[in-house]
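Tertiary structure, described
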Amino acid sequence: MTMLAHIDAARADGDPQRLLAAIPYAQFLGLSAALVDGQLITTMRYAPHLVGNPALPAIHGGTLGALLESAAVFSLLWAAETALLPKTITITVDYLRSAGPHDTSACGIVTRLGRRVAAVRVEAWQATRAQPVATANAHFLIKREA
Amino acid sequence: MTTDPDPIERRLALARRFTEQVPHNQALGLVVEALRDRTARFRLPYHPKLIGNPATGVLHGGAITSLLDGCAGAAVFATLTELQPIATLDLRIDYLRPAEPGRDVVAEATCHHTSKHVAFVRALAFHADDEAPIATAVGTFMIGTKLGTNRAARGGA
């Protein structure tokens with residue numbers, strides 16, 4: 001089953017979790033996806049192997065970047081049909097707060113959907129969405145029918 | 001009285017030990033290939049658990065983000081005169097071409113400037129020195145972040 005077939009199946013089922021099932025790296029990070037009030041929320045379950053600073057302890061900045069990038073891709077796949085898997089062109093991550101040893105959630109908003117390029121703004125939070133631990137802006141190469 | 005033969009070497013050895021003990025770096029299998037004054041070179045061994053697209057076997061961009069973030073942070077450690085806690089402030093990554101399935105990815109980072117509170121880093125990811133880069137990155141790091149400050153920022157959690 002190709003990734004695009006998985007995506008079609010996920011959308012047909014209304015089950016975003018199926019987006020992740022086929023991606024080994026999503027399993028490695030401990031990602032899950034769910035629809036909450038119509039928004040696709042991606043959650044990274046806390047696990048000790050995600051830690052970047054054992055003294056605090058804090059989650060590795062790279063894993064937050066990976067969560068943000070993944071959540072942006074899932075939001076995009078959920079929002080739009082694309083004939084290619086989105087390819088990340090560029091991502092800029094702002095780290096706002098130290099992320100503690102807790103689950104982290106993220107949600108992307110597609111801010112521009114063109115035929116070839118999509119822009120997504122995405123934020124990640126722990127205790128409350130009003131206090132994001134990191135945000136990112138990303139551009140993706142996509143392919144949509146005109 | 002003996003004098004320290006090479007304080008820089010001792011500091012780099014400390015930074016290397018610190019980096020190698022980071023749990024997520026271990027989970028990724030990151031190898032510190034070199035740590036010199038202001039520069040770091042890390043290797044991310046190819047592993048199936050890091051695949052982002054199972055149809056092609058290409059690594060997930062997130063694994064490269066962690067590689068670049070970790071390598072950039074090590075370059076900052078390799079610049080500081082004493083080992084202080086640091087925190088990534090921002091990191092921009094441009095993906096120039098996909099990594100080839102089955103091949104390790106190497107990152108090289110240089111901390112080209114530090115001010116009192118902030119370190120500025122540039123980094124590259126590639127398969128081999130003589131090949132075109134897979135990704136470029138620029139990042140900034142806060143120097144001397146304190147436990148108490150972070151706790152307060154998290155709302156006292």
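Placed above this text is the structure.
In this text the structure is predicted, and so the values were computed from the model without any measurement.

1. As for the overall build of chain B
From N to C terminus, chain B includes four helices and eight strands. Secondary structure elements in chain B, listed N-terminal to C-terminal, are α-α-β-β-β-β-α-β-β-β-β-α. Split into buried and exposed, the 157 residues of chain B put 37% on the buried side. Long-range contacts, defined here as pairs at least 24 residues apart, represent 65% of the contacts in chain B between residues at least 6 apart.

2. Points about the sheet that holds strand β6 (residues 105–114) of chain B
Overall, antiparallel pairing links the twelve strands, which are arranged β1(A)-β2(A)-β6(A)-β7(A)-β8(A)-β5(A)-β5(B)-β8(B)-β7(B)-β6(B)-β2(B)-β1(B) in an open sheet. Each of the sheet's edge strands pairs with one partner strand only, and the pair in question is β1 (31–36) of chain A together with β1 (31–36) of chain B. Between one strand axis and the next, the sheet turns by 20 degrees as a mean value, whatever way the strands run. Pairing geometry for strand β2 (residues 39–44) of chain A and strand β6 (residues 104–113) of chain A, over three bridges, is antiparallel. Bridging from a neighbouring strand, Thr43(A) pairs with Ser105(A) of β6(A). The sheet contacts of helix α4 (residues 61–79) of chain A involve β1, β2, β5 (87–95), β6, β7 (117–125) and β8 (132–141) of chain A together with β5 (86–95) of chain B, and relative to β6(A) the element is tilted by about 50 degrees. Where helix α3 (residues 61–77) of chain B meets the sheet, it contacts β5 of chain A together with β1, β2 (39–44), β5, β6, β7 (118–126) and β8 (135–143) of chain B, and its direction lies at approximately 40 degrees from that of β6(B).

3. Section: the pairing of β2(A)
Judged by which residues are buried, β2(A) turns out to be one-sided: Leu40(A), Thr42(A) and Met44(A) face inward and are buried, whereas Gln39(A), Ile41(A) and Thr43(A), on the alternate face, are not. In textbook terms, the turn of a hairpin is the stretch between consecutive antiparallel strands, and for β1(A) and β2(A) this stretch comprises two residues, one of which, Asp37(A), has a positive phi near 50 degrees.

4. Re the nonpolar core
Ranked by internal contacts, the top residues of the largest apolar core, which has 84 residues, are Leu68(A), Leu67(B), Leu68(B) and Cys71(B). In this structure Cys71(B) touches Ala40(B), Phe42(B), Ala107(B), Ala109(B) and Ala123(B), once residues within four positions along its chain are discounted.

The rules we used
- Along each chain, numbering runs from 1 in the same order as the chain's sequence is written.
- To label them, take the chains in the order written and letter them from A, then take the ligands in the order written and number them from 1.
- The predicted nature of this model means local features are confined to residues of pLDDT at least 70 and side-chain atom pairs, given and counted, to a pLDDT of 80 or more, with totals for whole chains, interfaces and linings taken over all residues.
- A run of H or I in DSSP becomes a helix once it reaches four residues, and a run of E becomes a strand once it reaches two; helices and strands are each numbered from the N terminus.
- We call a residue exposed when 12 or fewer other C-beta atoms sit within 10 Å of its C-beta, buried when the count reaches 20 or more, and partly exposed for counts in between; the C-beta positions come from the backbone.
- A pair of residues counts as a contact when their C-beta atoms, built from backbone coordinates, are separated by no more than 7 Å.
- Here, strands pair whenever DSSP counts at least two bridges between them.
- An axis is simply a line fitted to the C-alpha atoms; with a helix, the fit covers only the stretch in contact. Between two such axes, the angle follows the N-to-C directions and lies from 0 to 180 degrees.
- Working definition: the nonpolar core is a set of buried Ala, Val, Leu, Ile, Met, Phe, Trp, Tyr and Cys residues, joined through C-beta atoms within 7 Å.

Take it as geometry only, folks, not as evidence of what the structure does.
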